[in-house]
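Below, each chain spelled out in residue letters.
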Amino acid sequence: MNVERVINAVGLRKFLKFTDRLYKDDKNYVPQMKADLKKVMKNLLLDGGGYTGLMVTENGRVLARLAYTVAKHKQYGGIDCGFFSHFECVNDQKAADMILGAMCDDLKKRGVTHVEGTYFPFDQDNRRGILVEGFDKPPVLLTSYNKPYYKDLLEGFGMGKDFDTLAYAMTKETIPIDRYRKVSEMAMKRYGYYIEPADFSKIDTLVEEVGEVMKNATTDDIFQDAPTIEALRSIVGQWKSFLKEEFCLMARRASDHKLIGTVIAVPDFNQVFKKMKGSLNPVALVKMLYYKNKITTVRGLLQYVLPEYQNRGVALSLYIALFDECDRHGVTLIEAGTMMENNVKPNAAIKSAGGVLYKRYRLYGKKL
């Protein structure tokens with residue numbers, strides 16, 4: 001076995017094609033769109049994006065891969081930390097040890113004392129952590145999926161849990177809609193707010209309003225800051241192909257229409273991408289046009305409520321409205337997440353609204 005660094009287009013092609021072989025017979029695996037992934041990884045690994053790509057090979061076959069970078073870690077007081085992503089490996093502890101060991105050796109030479117992953121580049125709220133529970137269902141849009149043995153490989157190398165992130169399933173079977181609707185109506189009347197879908201014709205104003213709510217609702221979050229308005233605009237730009245007004249719901253104060261909370265969900269386009277098999281050829285495009293209107297799941301990406309309106313039914317009202325929209329569009333499942341396990345209020349709000357924990361992801365770390 002040898003450790004190779006990704007330094008050119010040939011290496012990048014081997015890096016990307018490894019998952020085709022690894023997940024060939026996995027019925028739940030959903031490939032990322034190949035053209036988009038190639039563009040992203042070329043930027044990260046070859047065009048000065050600040051990431052290093054490694055592979056373990058044997059007789060020309062790739063056995064493991066990962067990418068990593070160095071950035072500040074808020075939880076550890078702003079120290080330089082190694083963050084890794086795109087970890088994939090056959091079920092071989094030696095291969096895992098080789099690639100993780102090569103990464104750690106390089107990070108130590110650069111003065112780094114802690115490494116953590118997996119994180120997805122650019123947006124650390126998505127594809128965050130290794131899936132450790134919930135392998136019986138395919139991943140929804142922008143969430144992680146991996147082989148069940150990855151947990152054993154990382155722990156076998158000496159990595160330990162840093163923290164878990166959680167995803168909840170919400171269906172008509174888990175939520176007493178009629179009873180909660182009455183509670184929601186009473187809360188809206190008592191506290192003076194209403195729910196409406198987003199108006200994308202006013203997207204610039206809306207981004208600023210949502211950004212302000214996020215900033216004020218995440219002041220006690222020790223892991224991350226609320227994104228800047230500029231960062232939020234960039235995220236919205238990346239999501240614009242997936243966003244629909246009716247699944248982006250706003251809670252507003254009745255007296256002055258001030259935004260006090262939001263739930264933003266996106267249709268699970270993974271159901272479409274799975275049919276397309278990561279390609280954009282004419283047959284795949286026909287499948288996209290056909291299946292995009294048959295999506296049966298949405299993923300809740302954002303849930304924020306101003307502190308002074310928390311525990312006043314706002315989150316419940318938002319989810320009741322989301323359920324109504326889902327019902328109108330043939331959607332039968334809402335996945336809410338992923339949320340850090342120690343982020344108490346959002347987790348409590350989801351559970352109180354009828355969410356059932358069904359997937360768990362784990363961020364692993366190691367002192368160097």
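Residues numbered from 1 in each chain as written. Predicted model: local features only at pLDDT ≥ 70, side-chain atom pairs only at ≥ 80, totals over all residues. Heavy atoms only, no water.

1. Considering the environment of D47
This is how the line gets drawn: The helix count covers DSSP runs of H or I at least four residues long, the strand count covers runs of E at least two residues long, and both are numbered beginning at the N terminus. Burial classes follow relative accessibility: with a 1.4 Å probe on protein chains only, a residue under 20% of its type's maximum area counts as buried, one over 50% as exposed, and anything between as partly exposed. Think of a polar contact as two N or O atoms within 3.5 Å of one another; within protein, one of them needs to be a possible hydrogen donor and the other a possible acceptor, and neighboring residues in sequence only count if both atoms come from side chains.
With respect to the element layout, D47 can be found in the loop between α2 (34-45) and β2 (52-58). In this structure D47 comes out as partly exposed when scored by relative accessible area, which is 42%. Considered as a pair, D47 and T297 are 250 residues apart in the sequence and their alpha carbons are 36 Å apart. In terms of polar contacts, D47 uses its side chain to reach the side chain of K42, at 2.8 Å.

2. Quick notes on the packing of aromatic side chains
Inclusion rule: Within 6.5 Å between ring centres, the rings of Phe, Tyr and Trp (the latter by its six-membered ring) count as paired, and their orientation is classed by plane angle as stacked under 30 degrees, edge-to-face over 60, tilted in between.
This structure, assessed with the given rule, holds 9 aromatic pairs. With a centroid separation of 5.3 Å and 75° between ring planes, the pair formed by F83 and Y119 is classed as edge-to-face. One end of the pair, F83, is in strand β4 (residues 79-89); the other, Y119, is in the loop between β5 (114-117) and β6 (130-133), with 36 residues separating them in the sequence. Like F83, the residue Y119 is buried in the burial classification.

3. Re the packing of helix α5 (residues 177-191) against helix α10 (residues 314-328)
Note the following rule: A fitted line through C-alpha atoms represents every axis, and for helices the fit uses only the stretch in contact; the resulting angles, taken between N-to-C directions, go from 0 to 180 degrees. The cut-offs work like this: below 35 degrees is roughly parallel, past 145 is roughly antiparallel, 65 to 115 is roughly perpendicular, and the gaps in between are oblique. Two helices crossing with the near one rotated counterclockwise from the far one by less than a right angle form a left-handed crossing, whereas a clockwise rotation gives a right-handed crossing. Every residue pair with non-hydrogen atoms within 4.5 Å of one another is taken to be in contact. All residues other than Ala, Val, Leu, Ile, Met, Phe, Trp, Tyr, Cys, Pro, Asp, Glu, Lys and Arg, Gly among them, are scored as polar; the first ten of these are nonpolar and the last four charged.
Between α5 and α10, the least distance of the axes is 9 Å, while the angle of their chain directions is 130°. Relative to α10, α5 is oriented oblique. At the point where α5 passes α10, the crossing takes the left-handed sense. Of the residues in α10, those in contact with I177, Y180, R181, V183, S184 and M188 of α5 are L316, S317, I320, F323 and D324. Looking at the contact of α5 with α10, its residues break down into 7 nonpolar, 2 polar and 2 charged.

4. Some points on empty space enclosed by the protein
Condition: We place a 1 Å grid over just the protein atoms. Points where a 1.4 Å probe fits but has no way out form a cavity, open points with protein on both sides within 12 Å along at least 5 of 7 lines form a pocket, and any residue with an atom within 4 Å of a point lines it. Grid points are joined across faces, edges and corners, and a volume is the space filled by probe spheres set on the points.
Counting across every chain of the model gives 2 cavities of 30 Å³ or more. As a volume, the largest cavity reaches approximately 150 Å³. Every residue lining the largest cavity is counted, 14 residues in all, and those nearest its centre are I203, L206, V210, V236 and I264. Those elements that place two or more of their residues in the lining of the largest cavity are α6 (203-217), α7 (229-239) and β9 (248-253).

5. Side note on a positive patch on the surface
What counts here: In this analysis, a patch consists of residues with relative accessible area above 30% that form no salt bridge, clustered at 9 Å for like charges and at 5 Å for the nonpolar side chains Val, Leu, Ile, Met, Phe, Trp and Tyr. Only the protein chains shown count as cover for residues, and the accessible areas themselves come from Shrake-Rupley with a 1.4 Å probe. A carboxyl oxygen of Asp or Glu within 4 Å of a side-chain nitrogen of Lys or Arg is what we treat as a salt bridge. In this tally Asp and Glu are treated as negative and Lys and Arg as positive; neither His nor the chain ends contributes. To locate a charge, the coordinates of NZ of Lys, CZ of Arg, CG of Asp or CD of Glu are taken.
Judged by side-chain charge, K27, K274, K275, K277 and K287 come together as a positively charged surface patch. Note that K287 resides in helix α9 (residues 282-291). Given the relative accessible area of 31%, K287 is considered partly exposed.

6. What to know about the nonpolar core
Rule in force here: Residue types Ala, Val, Leu, Ile, Met, Phe, Trp, Tyr and Cys, when buried and joined through side-chain atoms within 4.5 Å, form a set referred to as a nonpolar core.
Within the largest apolar cluster, 66 residues are counted, with the highest numbers of intra-cluster contacts made by M170, M250, F273, V314 and L322. Here this core gets 10 residues from one element, more than from any other, and that element is α10. The residues touching F273, leaving out its near neighbours within four places in the chain, are V30, P31, M33, L141, F242 and G278.

7. Digging into the side chain of R128
Counting through the fold element by element, R128 comes out in the loop between β5 and β6. R128 gets classed as buried once you look at its relative accessible area, which sits at 5%. A distance of 2.9 Å separates a polar side-chain atom of R128 from the backbone oxygen of T338.

8. Quick notes on unusual backbone geometry
For the bond from G117 to T118, the omega torsion is 10°, close enough to zero to count as cis. Phi at H257 is positive, roughly 65°, even though this residue is not glycine. Here H257 shows up in the loop between β9 and β10 (259-267). A positive phi angle, near 65°, is found at N311, a position not held by glycine. On the secondary structure map, N311 appears in the loop between β11 (297-305) and α10.

9. What to know about helix α1 (residues 9-22)
So the rule is basically this: By this rule, a helix spans an expected 1.5 Å times one less than how many residues it contains. The angle between axes fitted to the seven-residue stretch ending at a residue and the seven-residue stretch beginning at it gives the bend at that residue.
Its 14 residues place the ends of α1 21 Å apart at the C-alpha level, agreeing with the 20 Å of an ideal helix rising 1.5 Å per residue. L16 marks the point of greatest bend in α1, at about 25°. Those residues of α1 that sit buried are G11, L12, F15, L16, F18, T19 and L22. Turning to α1, the residues buried within the fold contact α2, β2, β3 (61-73), β4 and α4 (150-156). Sitting at the head of α1, N8 places a side-chain oxygen 3.2 Å from the backbone nitrogen of V10.

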